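Structural features, examined
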Amino acid sequence: MSLDLAIIGGTGLYNFPGLEKMEKRTVETPYGPASDAITLGELGGKRVAFLARHASGHSIPPHRINYRANVWALHSLGATRVLGVNAVGGIRADMGPRAIAVPDQIIDYTHGRLTSFCDADGVKVEHIDFTEPYSAGLRSAVLAAAQRAGIAVVDGGCYGATQGPRLETRAEIARMRRDGCDLVGMTGMPEAALARELKLGYACLAVVANWAAGCPQGNAAPEISLPEIFAHLEAATAKIPPIVSALLS
Ligand code: HPA
């Protein structure tokens, strides 16, 4: 069986609207269970798999997600391209709440996560090339799809992956800005690297939920309010299905 697209939904995206002929699959992997049952279905006649990264009731925090099981499970169901939808905080001026970005770089600040499938005695060690952490082909297809769907997205940006589940301090975000990060999220890694290990196409649709701590730069730093985050996320996440439909058409 092959799939046209696998989608990993993040905070605010726990099922995918518009999927037809749905069927749920619980997939066992050598790395344990995936976050949740995977929904298989059709969108515009194309075969799609959907997995909620945090599980449907948002019960799994970013540092406890079994990224290996998730990526392995989608691969085992026939996925060759994976679109990660990730809620983020915006650091760069054009990445304020409700913006959507398709990042092109990553800096990984996470720690203690299981980051590779090359992790057991006797397994062949592979040093994947990760110069460009997202797949060029899938990135351009997503950008073109957004344009066809009439939805503005920011092309490029560096995704800084933090450990969570707490949000960052102002100083941490200032350092990330100096490092060159434009967005901050907790779930972009090791998902992207694991997808590369399995030779899957992988791109990220980053949905900006809030200004990162102390942003926009130069403004008084307001506290980040959770209700605001959820309101922004709901509004921005509504723009994801039309992009995906255009991607599949
Ligand atoms: N920081 C890290 N992850 C996030 C944020 C943030 O400000 N907003 C949404 N996910």
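The text that follows walks through the structure, step by step, so that each part is easy to find. Remember, predicted model here, so these are calculated numbers, not experimental data. (Residues numbered from 1 in each chain as written. Predicted model: local features only at pLDDT ≥ 70, side-chain atom pairs only at ≥ 80, totals over all residues. Heavy atoms only, no water.)

Quick look at the nonpolar core
Keep this limit in mind: Take the buried Ala, Val, Leu, Ile, Met, Phe, Trp, Tyr and Cys residues and link them wherever side-chain atoms come within 4.5 Å; each set so joined is a nonpolar core. For every residue, the accessible area (1.4 Å probe, protein chains only) is compared with the maximum for its type, and the residue is labelled buried under 20%, exposed over 50%, or partly exposed between those bounds. Every helix listed is a DSSP run of H or I at least four residues long, and every strand listed is a run of E at least two residues long, numbered separately from the N terminus. Throughout, a contact is declared for two residues whenever any of their heavy atoms are within 4.5 Å.
Counting residues in each nonpolar core, the largest one holds 41 residues, and the members touching the most others are I38, A49, L74 and L183. Counting residues per element, the ones that place at least two in this core are β1 (5-9), β5 (38-43), β6 (46-52), α1 (67-76), β7 (81-90), β11 (158-161), α4 (191-197) and β13 (201-211). If we ignore the near neighbours within four places in the chain, the residues touching L74 are L3, A6, I8, I38, A49, L51 and A79. Counting residues in hydrophobic clusters, the runner-up holds 32 residues, among them L83, V102, A203 and I243.

Details of unusual backbone geometry
Omega for the bond connecting G164 with P165 falls within 30 degrees of zero, at -5°, which places this linkage in the cis form. Along the chain, the position of P165 falls in the loop between β11 and α3 (170-179). Residue P190 is reached from M189 by a cis peptide bond, and omega for that bond is 10°. On the secondary structure map, P190 appears in the loop between β12 (183-185) and α4. Look at H58: it is not a glycine, yet its phi comes out positive at around 50°. In this fold, H58 is placed in the loop between β6 and α1. For H58, a relative accessible area of 32% gives the class partly exposed. Residues other than glycine seldom take positive phi values, yet R98 does so here, at roughly 80°.

Regarding the site of the ligand
Worth spelling out the cut-off: For this purpose, a residue is taken to be near a molecule or strand whenever a single non-hydrogen atom of the residue falls within 4 Å of it. Contacts described as polar in this section are N or O atom pairs within 3.5 Å, which, within protein, must combine one atom able to donate a hydrogen with one able to accept it, while residues neighboring in sequence count only if both atoms come from side chains. Surface accessibility follows the Shrake-Rupley procedure with a 1.4 Å probe radius. Residue values consider only the protein chains on display as shielding. Nonpolar residues are Ala, Val, Leu, Ile, Met, Phe, Trp, Tyr, Cys and Pro. Charged residues are Asp, Glu, Lys and Arg, and all others, Gly as well, are polar.
The ligand sits among A87, V88, G89, L167, E168, V184, G185, M186 and N210. A distance of 3.4 Å separates a nitrogen atom of the ligand from a polar atom in the backbone of G89. One of the side-chain N or O atoms of N210 is found 2.6 Å from a nitrogen atom in the ligand. When the free accessible area of the ligand is taken as 260 Å², the share hidden by the protein chains comes to 93%. Only β7 and β12 provide two or more residues apiece to the shell around the ligand. When residues of the shell around the ligand are assigned to their parent elements, the largest contribution, 3 residues, is made by β7. The residue makeup of the shell around the ligand, split by class, is 5 nonpolar, 3 polar and 1 charged.

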